[in-house]
Amino acid sequence: MLSSTAGKRATLTDTQQVSHATGALATRKVWLPKFVYDGLPWFYLAAGIAAFLTTLYISEWFWVLPHYLLFSAACIHFGVVVLHRRRRRPDDESC
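Figured I'd write up the structure that's included with this text. Everything quoted here is computed from the prediction, not taken from an experiment.

**Considerations on the overall build of the protein**
Scanning the protein from N- to C-terminus turns up three helices and zero strands. Along its sequence from the N terminus, the protein presents helices and strands in the succession α-α-α. Within the protein, buried positions represent 12% of all 95 residues. Accessible surface, the protein: about 8,900 Å² in total, of which carbon and sulfur atoms supply 66%.

**Notes on the environment of A46**
Topologically, A46 is positioned in helix α2 (residues 34-54). Along the primary structure A46 and G79 are separated by 33 residues, whereas in three dimensions their C-alpha atoms are 8.9 Å apart.

**As for the packing of α2 against helix α3 (residues 65-87)**
Closest axis-to-axis distance for the α2/α3 pair is 8 Å, and the angle between their directions is 155°. Between α2 and α3, the crossing angle belongs to the class labelled roughly antiparallel. Here α2 runs over α3; the crossing is left-handed. A breakdown of the residues in the contact of α2 with α3 according to their chemical character gives 18 nonpolar, four polar and three charged.

**Some thoughts on α3**
Counted at 1.5 Å a residue, the expected span for α3 with its 23 residues is 33 Å, and the 33 Å between its end C-alpha atoms agrees. Listed in full, the buried residues belonging to α3 are S72, C75, G79, V82 and L83. Looking at the buried positions of α3, the neighbouring elements they touch are α2.

The rules behind the values
Residues numbered from 1 in each chain as written. Predicted model: local features only at pLDDT ≥ 70, side-chain atom pairs only at ≥ 80, totals over all residues. Heavy atoms only, no water. Helix = DSSP H or I, 4+ residues; strand = E, 2+ residues; numbered from the N terminus. Buried < 20%, exposed > 50% of the residue type's maximum accessible area, 1.4 Å probe, protein only. Areas by Shrake-Rupley, 256 points an atom, 1.4 Å probe, with all protein chains shown as cover. Axes fitted to C-alpha atoms, helices over the stretch in contact; angles between N-to-C directions. Parallel < 35°, antiparallel > 145°, perpendicular 65-115°, else oblique. Left-handed = near helix turned anticlockwise from the far one by under 90°. Nonpolar A, V, L, I, M, F, W, Y, C, P; charged D, E, K, R; others polar. Expected span 1.5 Å × (residues − 1). Contact = heavy atoms within 4.5 Å.

Now the structure itself:
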């Protein structure tokens with residue numbers, strides 16, 4: 001009754017193969033040029049402010065208004081978080 005823990009390698013189903021490939025794509029590091037990397041938080045802030053200001057000019061599209069507000073809040077929040085994380089000192093472990 002000898003058994004080997006190495007055994008046969010398990011094969012992945014089609015669904016597992018797709019999720020494995022998608023996970024590898026999502027966690028892969030992406031290289032951006034420096035000017036794009038530096039401008040990304042400012043782009044998020046500008047997009048959020050622009051989306052918020054466009055809500056002032058929507059007159060009859062009531063179904064669009066909550067989407068614009070959510071998008072603007074998410075962009076502004078994400079831009080502030082990215083700026084905060086880039087500007088903190090390396091010895092600051094509060095965040």
